[in-house]
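Observations on the three-dimensional arrangement
Residue strings, one per chain:
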Amino acid sequence: SRIQPPEKPLKSEEWNRLRENFQSPEVFEEVMLNSMIKSNSPIDVAKSLLTQVAQSNGDIAYNLLVKYLALCVQQGQTAEIQEMYDIMKIRFKTLESGAYSLLIKGLSNSDQWKMALSLLEEVKKIMIPSRTNYESCIKAAGRHQEMSLAFELYHDMLSKDLMPTLDILKALFDFSRGMKDAELQKELFGILLHLRENQIYPHKTFMRSIKLWFESIPGGNWRGHLTNIKDSGQCPVCSHQLEDSDLTEEEYNNLRERIIKDVIHGTDTFRKTSPQEFEAFQTFVENRLPFDIVIDGLNVSHIKLKKMQCENLFDAVNYLAKGKTRVLVLGRKHMLSNSSNWRREIMKEMQSKADFFFAENISEDDAFLLYATLQSGKHCKFVTRDFLRDHKACLTDSLTRHLFRKWQRGHQIVFSPSEGGKPIKFLPAFRYDCVVQTTGDTWHIPYKDIFEEKYSYQVPRKWLCIQRK
Ligand SMILES: [Zn+2]
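The shown structure was predicted, so the numbers you read here are calculated from the model rather than taken from an experiment.

1. Section: the pattern of salt bridges
Inspection of the entire model under this criterion finds 23 salt bridges. One salt bridge connects Arg19 with Glu29, and the closest N-O pair in it is separated by 2.4 Å. Of the two residues, Arg19 is situated in helix 1 (residues 12-21) and Glu29 in helix 2 (residues 28-38); the sequence distance between them amounts to 10 residues.

2. Concerning the coordination of the zinc ion
Within the protein, the atoms that donate to the zinc ion are Cys235 (SG), Cys238 (SG), His444 (NE2) and Cys465 (SG), at distances of 2.1 to 2.3 Å. One can describe the site at the zinc ion as tetrahedral: its four donor atoms subtend angles covering 102 to 114° at the metal.

3. A look at the nonpolar core
Counting 83 residues, the largest nonpolar core has Met88, Ile138, Leu172, Leu192, Ile210, Phe214 and Trp443 as its most contacted members. The dominant element in this core, judged by the number of residues it contributes, is helix 4 (residues 62-74), at nine residues. Leave out the neighbours within four places in its chain, and Ile210 touches Phe173, Leu192, Pro202, Ile445, Leu464 and Ile466.

4. Let's talk about helix 11 (residues 182-197)
With 16 residues, helix 11 ought to run about 22 Å at 1.5 Å a step, and its terminal C-alpha atoms sit 22 Å apart, in line with that. Contacts made by the buried residues of helix 11 are with helix 9 (147-159), helix 10 (166-175), helix 12 (204-216), strand 1 (222-228) and strand 9 (442-447). Count one or two residues on from helix 11 and you reach Gln199, which has phi positive near 45°.

5. Details of the side chain of Glu135
Tracing the backbone shows Glu135 in helix 8 (residues 131-143). By relative accessible area, Glu135 is classed as buried at 15%. In this structure Glu135 touches Thr165, Asp167 and Ile168, once residues within four positions along its chain are discounted.

6. Here's the deal with unusual backbone geometry
Cis geometry marks the peptide bond from Leu289 to Pro290; its omega dihedral reads -10°. Secondary-structure assignment places Pro290 in the loop between helix 14 (275-286) and strand 2 (293-296). Its identity is not glycine, yet Asn40 carries a phi of approximately 50°, on the positive side. By the secondary structure assignment, Asn40 is in the loop between helix 2 and helix 3 (43-57). The partly exposed category is assigned to Asn40, whose relative accessible area is 39%.

7. Brief notes about the packing of aromatic side chains
All told, the structure shown has 24 aromatic pairs when counted by the stated rule. Aromatic ring contacts, followed pair by pair, group Phe173, Phe189, Phe206, Trp213, Phe214, Trp222 and Trp443 into a single cluster. If you follow Lys322 out to its NZ or CZ, it ends over the ring of Tyr319, 4.3 Å from the centre.

8. Examining the packing of helix 8 against helix 9
The interhelical angle for the contact between helix 8 and helix 9, taken along N-to-C directions, is 165°, at an axis separation of 7 Å. When the axis of helix 8 is compared with that of helix 9, the two are roughly antiparallel. Handedness of the crossing formed by helix 8 with helix 9: left-handed. Contact residues: helix 8 offers Arg131, Tyr134, Cys137, Ile138, Ala141 and Gly142, while helix 9 offers Met147, Leu149, Ala150, Leu153, Tyr154, Asp156 and Met157. Across the contact of helix 8 with helix 9, the residue classes break down as 10 nonpolar, one polar and two charged.

About the thresholds
Residues numbered from 1 in each chain as written. Predicted model: local features only at pLDDT ≥ 70, side-chain atom pairs only at ≥ 80, totals over all residues. Heavy atoms only, no water. Salt bridge = Lys/Arg side-chain N within 4 Å of Asp/Glu carboxyl O. Helix = DSSP H or I, 4+ residues; strand = E, 2+ residues; numbered from the N terminus. Donors = N, O, S within 2.8 Å, 3.2 Å for Na, K, Ca; no water. Tetrahedral: all angles 85-135°; square planar, octahedral: opposite > 155°, others 65-115°. Core = buried A, V, L, I, M, F, W, Y, C linked by side-chain atoms within 4.5 Å. Buried < 20%, exposed > 50% of the residue type's maximum accessible area, 1.4 Å probe, protein only. Contact = heavy atoms within 4.5 Å. Expected span 1.5 Å × (residues − 1). Phe/Tyr/Trp six-rings, centres within 6.5 Å; stacked < 30°, edge-to-face > 60°. Lys NZ or Arg CZ within 6 Å of the ring centre and 35° of its normal. Axes fitted to C-alpha atoms, helices over the stretch in contact; angles between N-to-C directions. Parallel < 35°, antiparallel > 145°, perpendicular 65-115°, else oblique. Left-handed = near helix turned anticlockwise from the far one by under 90°. Nonpolar A, V, L, I, M, F, W, Y, C, P; charged D, E, K, R; others polar.

The following block contains the structure:
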């Protein structure tokens, strides 16, 4: 039921005529207002519709008021938003979250922005405000240079377990630019440590805000440079050596125990393999330990679509199984079927270079990969393309999750398909740890080229180096 809103305000009888011609007149106003929001109609057109409704019903339903409010917020019609607030406050004791969100958003952009704060307080009495509610208020406080208020709100949302959006964090850096205030600096360093603890990587524009803020601190003498860290972990700009990615013996043992307990033995739904098969695998591994590299064979075999799957795997094995490197390839039984993708002679040659374990065709191989890698010891690396998004959720506490990610960063060999006839590109596992880090006089901040709210296994290769001259 598409409907085109009129361009000018209509008289009552004109609205009536439109309604009568509409296929379901009982929802006419609702559909019409939705369409006005979509096409961003002038508010006096919407207002003329509401006037008509008031005249014929003596009252305007809540949901129609909210839709009208949405249109006003969309267009930044501050006076109208304030009037709506007054009307709704009188008519309804409390509103629902949709209306509160609109009012907070609308008022926070006006010179009456403090009213948005009182509304936030009102929301808090009935529910946990949304991230967007906080975002509106924090940005409003920032725009008016009330940074301690902005940070008060920021801590308030953290205390309610609401993860601030990167946009909020970026805004806090932007609005603090050029201010000299020790307390404020401490707060912003705190955000950087928050990025570290939660292993969040800022995107390019956020990174720029961080850089500009540092460089704007009066008398701070901070200078930022964009750089790539050397494989050795040294920063080419300031020569600082980054933290290494090694886990301590104790951390490693804890992690291994937890993963074997929580992930491998923990949930039946995760392990799509039979207990017999997993036992056979365990015996196989125990008899051949330790390995240096464990490869997810099926995953690697799909690197280049134009190549036979066994050729892709062959390239990877040839590349990685050099010298005394002991490689374990996790395969599937169907790889032994001598098909067009899996040629027997190539499979035979590979098996002379690496150990192979062939699981049932349906088995979930992440558990195998984790088990063989962790049992091999701290030095062992693994190769797969996409990995362990779900399994992190199986790790119950945040410390273990943190260790897991650190271990993953330091032990996952990532590969990417290369163009043309060139061989597959393997990016070595990191010897240094890819997290925000500081020595006091330096900060090193890894960042991503593109915006990506979700954590991804792919750690960035680009860094912002900030040092105090
Ligand atoms: Zn540096």
